[in-house]
Amino acid sequence: MSTPGFSEQTSALLSQASLACSRRGTQLTELRRKVLGLVLDSDRPAGAYDLLDRLRAHHKGAAPPTVYRALDFLLEQGLIHKVERLSAFVGCIHRHADDHDHPHAAQFLICTRCGRVTEIEDGGVNRALVQAARQGGFRLARATVEAEGVCAACAAMPAGASAGA
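Residues numbered from 1 in each chain as written. Predicted model: local features only at pLDDT ≥ 70, side-chain atom pairs only at ≥ 80, totals over all residues. Heavy atoms only, no water.

**Concerning the packing of helix 3 (residues 48-55) against helix 4 (residues 64-76)**
- At their nearest, the axes of helix 3 and helix 4 sit 9 Å apart, and the two run at 115° to each other. As far as their axial angle goes, helix 4 and helix 3 are roughly perpendicular. Classified by chirality, the crossing of helix 4 by helix 3 is right-handed. Here Ala 48, Tyr 49, Leu 51, Leu 52 and Leu 55 of helix 3 lie close against helix 4, whose contacting residues are Pro 64, Val 67, Tyr 68 and Leu 71.
- Considering only residue class, the contact of helix 3 with helix 4 consists of nine nonpolar, no polar and no charged. (Axes fitted to C-alpha atoms, helices over the stretch in contact; angles between N-to-C directions. Helix = DSSP H or I, 4+ residues; strand = E, 2+ residues; numbered from the N terminus. Parallel < 35°, antiparallel > 145°, perpendicular 65-115°, else oblique. Left-handed = near helix turned anticlockwise from the far one by under 90°. Contact = heavy atoms within 4.5 Å. Nonpolar A, V, L, I, M, F, W, Y, C, P; charged D, E, K, R; others polar.)

Here you go:
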């Protein structure tokens, strides 16, 4: 059954997120659920103020701290990632999102033409980072790799056009 206003896929992910939070002894409140749903339903990384504007359609009193607190919680729980390069957020739908004690290393491919972000999970990249850190005497707690380039859809488009247009 879908959550009003969200796609079937997002509704299913919201149910999984709620269960994961319950298992951890935390709560996916209605506001947090709404913010997570907005992030998950977005076809592009969502900025905090974009989320605030969309949230205000349902929660008139929403203010920046409201959204930032929800985003902080969702980041803490491994339910979203922040794409630093874009100062925006994407949902984390990898199976590791439920393993709060061992979050996976986030790796993003950012298309400089259409702005789409694809999350990948390459164990080799993660192992290389961990090994390089160890060689430098550093204990890696978490890592995010952001690579910019052109997605396959944009690469196939004529010059000047973009798949996101």
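**Here we look at the side chain of Arg 33**
- Of note, Arg 33 is situated in helix 2 (residues 30-41).
- Although Arg 33 is buried, it makes no salt bridge; Glu 30 carries the closest opposite charge, 4.8 Å away.
- Within the structure, the side chain of Arg 33 is placed 3.4 Å from the backbone oxygen of Leu 14, a separation counted as a polar contact. (Buried < 20%, exposed > 50% of the residue type's maximum accessible area, 1.4 Å probe, protein only. Lys, Arg positive; Asp, Glu negative; His and termini not counted. Salt bridge = Lys/Arg side-chain N within 4 Å of Asp/Glu carboxyl O. Polar contact = N/O pair within 3.5 Å; in protein donor to acceptor, adjacent residues only side chain to side chain.)

**Digging into the pairing of strand 4 (residues 117-120)**
- The alternating pattern of strand 4 places Val 117 and Glu 119 on a buried face, while none of Thr 118 and Ile 120, on the opposite face, is buried.
- Relative to strand 4, strand 3 (residues 106-111) is paired through four bridges, and the arrangement is antiparallel. Bridged to Ile 110 within strand 4 is Val 117.
- Two successive antiparallel strands, strand 3 and strand 4, enclose a turn made up of five residues, where Gly 115 displays a positive phi of approximately 85°. (Pairing = 2+ DSSP bridges.)

**So, the pairing of strand 1 (residues 80-83)**
- Note: strand 1 against strand 2 (residues 88-91), four bridges, orientation antiparallel. Its bridge partner lying in strand 2, Ile 80 is registered against Gly 91.
- Connecting the antiparallel pair strand 1 and strand 2 is a turn made up of four residues, with Ser 87 showing a positive phi of about 50°.

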